[in-house]
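So the chains spell out like this:
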Amino acid sequence: MSHINIVHSHKLEPAQAREAAQRVAEKLSGEFDLACEWNGDVLHFQRSGVTGTLALAQEQVEMKLKLGMLMSAFSGPIEQKIRANMSKFFG
């Protein structure tokens, strides 16, 4: 099992941050076939072999992923894609 934890700073207003998080989720959902659901300011997502959250705060966003055995082999490329998407949508 592998864990990915990414904290990314932002200067967005709350509504803009939520929109950016939704875009990240849509991008990742399309690439990795994730089911996503909001619970307050935390986006929960999962699929077989992957569970995680994307939590919004005033000046940062934090993504935590837990990858199962098979997905652990791809943790490097997965983390790179997430970081690229977060930079793109959160600035």
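Heads up: the structure comes first, above all this text.
Figured I'd write up the structure that's included with this text. This one's a predicted model, so the numbers in the text were calculated from it and none came from an experiment.

**Concerning the packing of helix α1 (residues 14–32) against helix α3 (residues 75–90)**
A pair of packed helices is characterised by two quantities: the angle between their axes and the separation of those axes.
Then, number 1: The contact between α1 and α3 brings their axes to 9 Å, and the two run at 150 degrees. The handedness of the crossing between α1 and α3 is right-handed. The segment α1 lies against α3, with A17, A20, A21, R23, V24, K27, L28, E31 and F32 engaging I78, K81, I82, N85, M86, F89 and F90.
Then, number 2: The class makeup of the residues in the contact of α1 with α3 is 11 nonpolar, one polar and four charged.

**Remarks on unusual backbone geometry**
Then, number 1: Unusually for a residue other than glycine, D33 sits at a positive phi of about 55 degrees.
Then, number 2: You can see D33 is positioned in the loop between α1 and β2 (35–39).

The rules behind each value
Residues numbered from 1 in each chain as written. Predicted model: local features only at pLDDT ≥ 70, side-chain atom pairs only at ≥ 80, totals over all residues. Heavy atoms only, no water. Axes fitted to C-alpha atoms, helices over the stretch in contact; angles between N-to-C directions. Helix = DSSP H or I, 4+ residues; strand = E, 2+ residues; numbered from the N terminus. Left-handed = near helix turned anticlockwise from the far one by under 90°. Contact = heavy atoms within 4.5 Å. Nonpolar A, V, L, I, M, F, W, Y, C, P; charged D, E, K, R; others polar.

So yeah, pure geometry; function would need other evidence.
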